Amino acid sequence: MNVAGSVVIGVARDRLWAAFRDPAVLVQTIPGCERLEECGPDTYRMTVNAGVASVKGVYQGEVALSDPVPPERFTLKARGQGAPGTVDATVQVRLSEADGGTRVDYDAEAVIGGMIGGVGQRMLGSVAKRTAQEFFTAVEDLLRAPVPAAVPAAEAGATEAGAVAAGAPLAGAGAQGTGALTSGAPLAGAVYERPAEPRTQTRPWVMLAAFGAGPAWRWPG
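Bear in mind the structure is a predicted one, so any value in this text is a computation, not a measurement. (Residues numbered from 1 in each chain as written. Predicted model: local features only at pLDDT ≥ 70, side-chain atom pairs only at ≥ 80, totals over all residues. Heavy atoms only, no water.)

Draft legend 1. Main features of the packing of aromatic side chains. One pass over the structure, following the stated rule, counts five aromatic pairs. Ring geometry for Phe-20 and Phe-136: centres 6.4 Å apart, planes at 55 degrees, overall tilted. Of the two residues, Phe-20 is situated in helix H1 (residues 13–20) and Phe-136 in helix H3 (residues 121–144); the sequence distance between them amounts to 116 residues. Like Phe-20, the residue Phe-136 is buried in the burial classification. Consider the rings of Phe-135 and Phe-136, whose centres lie 5.3 Å apart with planes at 55 degrees: the pair is tilted. Phe-136 sits in the buried class, given a relative accessible area of 4%. Of the aromatic side chains, those joined through ring pairs into one cluster are Phe-20, Tyr-106, Phe-135 and Phe-136. (Phe/Tyr/Trp six-rings, centres within 6.5 Å; stacked < 30°, edge-to-face > 60°. Helix = DSSP H or I, 4+ residues; strand = E, 2+ residues; numbered from the N terminus. Buried < 20%, exposed > 50% of the residue type's maximum accessible area, 1.4 Å probe, protein only.)

Listed below in structure tokens is the structure:
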């Protein structure tokens, strides 16, 4: 199955590139993402709650970035499996300058197995594109939200630690946007969890579109 599309996000390209590599951003914006766990250099495990119609469940996945050319393009490979089935995808992502922000083009090839593979390709393609749009909208909304007021220095350490643990961007990140972006890399061994909120089922193989704009992930091994 092939899914391709494009969207213009009202954020500067360098800042958007950095956000796509920040797990503290992604855990809040990938539809259905519950947890990101660093398991090695640039390697993450992802837990996603996904479903369509009666085929629902939790997927465990791993993703990897290759051939990055900042801030222009990268290739991302993703694998996920759960009770509803399996996903194996490769996504090409390109970022280019556009009026009012950054144009993101993605082209994904996916192999889907198990029960979820029995869902019609037309339906899967439609919900994948819609899910990608939800992801990009969430990223834009997060990056364009007002930056929280600065906190006293004595409280900054505790506030930042709490924000990372909650999967939230750090206050006062300024023009660079969010949490781990300052250093350009996530914290070693960090776990990022989505803040508690009413859970809604997302679409199947949502990882495919969302992984296409994921953090700097390298395939294990």
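Let us keep going from here.
Draft legend 2. Examining H1 more closely. By the criterion of burial, H1 is predominantly enclosed, with six of the eight residues buried. Along H1, the residues classified as buried are Arg-13, Leu-16, Trp-17, Ala-18, Ala-19 and Phe-20.

Draft legend 3. Here's a closer look at the pairing of strand E6 (residues 85–98). Looking at chain direction, strand E5 (residues 73–82) and E6 are connected through 10 bridges and run antiparallel. If you follow Leu-76 over to E6, its bridge partner there is Val-91. From the end of E5 to the start of E6, which pair antiparallel, there are two residues. With 13 bridges connecting them, E6 and strand E7 (residues 101–113) associate as antiparallel partners. Counted as the bridge partner of Thr-90 is Glu-109 from E7. Hairpin connection from E6 to E7: two residues lie between these consecutive antiparallel strands, with Gly-100 at a positive phi of about 85 degrees. (Pairing = 2+ DSSP bridges.)

Draft legend 4. Geometry of the environment of Val-8. Mapped onto the elements, Val-8 comes out in strand E1 (residues 2–9). A relative accessible area of 45% means that Val-8 is categorised as partly exposed. Taking the C-alpha atoms as reference, Val-8 lies 8.1 Å from Gly-100; in sequence the two are 92 residues apart. Excluding its chain neighbours within four sequence positions, the residues that come into contact with Val-8 are Ala-98, Asp-99, Thr-102 and Arg-103. (Contact = heavy atoms within 4.5 Å.)

Draft legend 5. Structural context of the packing of H1 against H3. At their nearest, the axes of H1 and H3 sit 11 Å apart, and the two run at 115 degrees to each other. Regarding the angle of H1 to H3, the classification is roughly perpendicular. Seen along the crossing, H1 lies across H3 with a hand that is right-handed. Counting all contacts with H1, which are made through Arg-15, Leu-16, Ala-19 and Phe-20, the residues of H3 involved are Phe-135, Phe-136, Val-139 and Leu-143. (Axes fitted to C-alpha atoms, helices over the stretch in contact; angles between N-to-C directions. Parallel < 35°, antiparallel > 145°, perpendicular 65-115°, else oblique. Left-handed = near helix turned anticlockwise from the far one by under 90°.)

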